[in-house]
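# Notes for the structure review
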Protein chains: 2
Amino acid sequence: MISTSDIFHNLHQQVRFITKEVNELLKDYHLYSSQWTILYCLDQFGPMKQTDIWKYLNVEAPTTTRTLVRMEKSNWITRKEGSDKRERIVRLTQEAEDVLPVIKESIQKLEESLLSQLSSEEQAHFYYLLKQIGAKKGEEQHVY
Amino acid sequence: MISTSDIFHNLHQQVRFITKEVNELLKDYHLYSSQWTILYCLDQFGPMKQTDIWKYLNVEAPTTTRTLVRMEKSNWITRKEGSDKRERIVRLTQEAEDVLPVIKESIQKLEESLLSQLSSEEQAHFYYLLKQIGAKKGEEQHVY
DNA sequence: TGTGATTATTTACCCAGGTAAATAAAAAGA
DNA sequence: TCTTTTTATTTACCTGGGTAAATAATCACA
């Protein structure tokens, strides 16, 4: 019988451990984990409004603003006013698009190595169980 | 077939979601999640050296120092010099010991509700799979 | 048209994780 | 003993999560 605290404690620890590994890998590119998630997002969907980004990543707006400001300074992205003057359209720079495939490959390798002890079936099951946390009977889940 | 990125993305999101819920609950006691983990630790093991705490929680020393300073200010703990003058022995205050059982109970209820969609077997399996992440074949794991 | 509500973003300020480098005390060794 | 190395803690500074409140532009609608 496992105590619930142990589960949550280990969840927390694993996430910290993974983030540390990712940051270590990204150090070569002068990038940080949360910046990478935004680059990944833009690569996947193309130019996005800031609101689209934080809603997709499920974080708060100010968190995203701060990270984007840093990324603009280090020339990963640009933010320009949309037709609606309240909006800012975020877009990858050419430099970002050039390096992106290489980083994507490295991250992919790291992720695979972190999951190397789990078969595809186990990964799928883990994913399923993970999504059940915080879910209520017959309710839509908060994570999508 | 689930992409590895999805797994890590969801892991990250779930931990943020859980931390938010815990912080919401702890708000009533003017406590924060990481402070709670330290109280829990002290409740379990009794007075500890700072080093024992951060090694057990698997975080860095400065992180722990900062949190302990806050907790000392808000009267949850005391830190007094040990026989080895470099050490600081951390101990729960009487006030902390008085309120602790109530908080423990609330947290326990929250954790159970978050896991309510998983049977005991599923929880055990989830715990097992979680621990496999980052593990290498035939190697000791970094989380214990 | 003009006013009030809504929406997108930002600013200011928390807590919590990390690293690098500084202290200060203890331990080890010549 | 005295010098060097190690250990425990702290300080300074970075990223990244959160909330509350401030702008500024747009929308809704009388």
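An account of the accompanying structure is given in this report. Computed from a predicted structure; not experimentally measured.

### Thoughts on the protein's contact with DNA strand D
If you check the shell around DNA strand D, you find 24 residues, and the closest are A:Tyr32, A:Ser34, B:Gln50, B:Thr51 and B:Pro62. Mapped by element, the contributors of at least two residues to the surface near DNA strand D are helix H2 (33-45) and helix H4 (61-73) of chain A together with helix H1 (4-26), helix H3 (50-57) and helix H4 (61-73) of chain B. Among the elements that make up the surface near DNA strand D, the one with the highest residue count is H4(A) (four residues). Considered class by class, the residues forming the surface near DNA strand D number five nonpolar, eight polar and 11 charged.

### Section: the sheet that holds strand E3 (residues 88-92) of chain A
All names here are of chain A. Overall, antiparallel pairing links the three strands, which are arranged E1-E3-E2 in an open sheet. A single partner strand is all that each edge strand has here, and the edge strands are strand E1 (48-49) and strand E2 (77-81). Two strands pair when backbone bridges link them, and E2 and E3 are joined in this way by five bridges, in the antiparallel orientation. Bridge pairing in E3 links Glu-81 to Arg-88. Lying over the sheet, H2 contacts E1, E2 and E3, oriented at roughly 90° with respect to E3.

### Digging into the sheet that holds strand E2 (residues 77-81) of chain B
Residues and elements named next belong to chain B. Taken in spatial order, the three strands make up an open sheet running E1-E3-E2, and their pairing is antiparallel. Looking at which strands have only one partner, the edges of the open sheet turn out to be strand E1 (48-49) and E2. Sheet topology places E1 next to strand E3 (residues 88-92); two bridges connect them, and they run antiparallel. Within E3, the residue paired with Met-48 across the bridge is Val-90.

### Observations concerning the environment of A:Leu31
Residue and element names in this part refer to chain A. Among the secondary structure elements, Leu-31 is positioned in the loop between helix H1 (4-26) and H2. The exposure class of Leu-31 is buried, given the 20 C-beta atoms found within 10 Å. When the C-alpha positions of Leu-31 and Ser-83 are compared, they lie 30 Å apart, and in sequence the two are 52 residues distant. Beyond its immediate stretch of four places on either side in the chain, Leu-31 contacts Leu-26 and Trp-36.

### As for the environment of A:Leu118
Tracing the sequence through the fold places A:Leu118 in the loop between helix H5 (94-114) and helix H6 (120-132). On the neighbour-count criterion, A:Leu118 (17 C-beta atoms within 10 Å) is partly exposed. Distance from A:Leu118 to A:Thr65, taken between C-alpha atoms, is 36 Å for residues 53 residues apart in sequence. Ignoring anything within four residues of it in the chain, the contact list for A:Leu118 reads A:Gln123, A:Phe126, B:Leu129 and B:Gln132.

### Structural notes on unusual backbone geometry
The general pattern is negative phi for most residues beyond glycine and trans for most peptide bonds. Residue and element names in this part refer to chain A. The phi dihedral of His-30 falls on the positive side, at around 55°, and the residue is not glycine. Residue placement: His-30 occurs in the loop between H1 and H2. Exposure remark for His-30: the 9 C-beta atoms within 10 Å place this residue in the exposed category. Although it is not a glycine, Asn-75 sits at a positive phi angle of roughly 65°. Relative to the assigned elements, Asn-75 resides in the loop between H4 and E2.

### Some details on H4(B)
The periodicity of an α-helix, 3.6 residues per turn, causes residues three or four positions apart to be oriented the same way. Residue and element names in this part refer to chain B. For H4, built from 13 residues, the straight-helix expectation of 18 Å at 1.5 Å per residue is met to within 8% by its first-to-last C-alpha distance of 19 Å. Every buried residue of H4 is accounted for by Thr-64, Thr-67, Leu-68 and Met-71. The arc that holds the buried residues of H4, viewed along the axis, is 100°, so those residues lie on one side. Structural note: H4 exposes Pro-62, Arg-66, Val-69 and Lys-73 on the side pointing more than 90 degrees away from its buried face. Elements in contact with the buried residues of H4: helix H2 (33-45), H3, E2 and E3.

### A look at the protein's contact with DNA strand C
Around DNA strand C, the structure places 24 residues, and the nearest of them are A:Gln50, A:Thr51, A:Pro62, B:Tyr32 and B:Lys85. Listed by contribution, the elements that provide at least two residues to the surface near DNA strand C are H1, helix H3 (50-57) and H4 of chain A together with H2 and H4 of chain B. Taken together, the residues of the surface near DNA strand C sort by class into five nonpolar, eight polar and 11 charged.

The rules we used
- Numbering of residues starts from 1 in every chain and runs along the sequence as written.
- As they are written, the chains are lettered A onward and the ligands numbered 1 onward, keeping that order.
- A pLDDT threshold of at least 70 governs which residues receive local features in this predicted model, and a stricter bar of 80 or more applies before side-chain atom pairs are shown or counted, although totals over entire chains, interfaces and linings include all residues.
- Each residue receives a C-beta atom built from its backbone; the residue is near a molecule or strand if that atom lies within 6 Å of it.
- Think of it this way: any DSSP run of H or I at least four residues long counts as a helix, any run of E at least two long counts as a strand, and we number them from the N terminus.
- When residues are grouped by polarity, Ala, Val, Leu, Ile, Met, Phe, Trp, Tyr, Cys and Pro land in nonpolar, Asp, Glu, Lys and Arg in charged, and all others, Gly among them, in polar.
- Note on pairing: two strands pair once DSSP finds at least 2 bridges between them.
- We call two residues in contact when the distance between their C-beta atoms, placed using the backbone, is within 7 Å.
- Interaxial angles span 0 to 180 degrees and are taken between N-to-C directions of axes, which are lines fitted to C-alpha atoms, for helices over the stretch in contact.
- Whether a residue is buried, exposed or partly exposed follows from its count of other C-beta atoms within 10 Å of its own C-beta, namely 20 or more, 12 or fewer, or something in between, respectively; the C-beta atoms are built from the backbone.
- To estimate how far a helix should extend, the number of its residues minus one is multiplied by 1.5 Å.
- The arc under discussion is defined with respect to the helix axis, by the directions toward the C-beta atoms.

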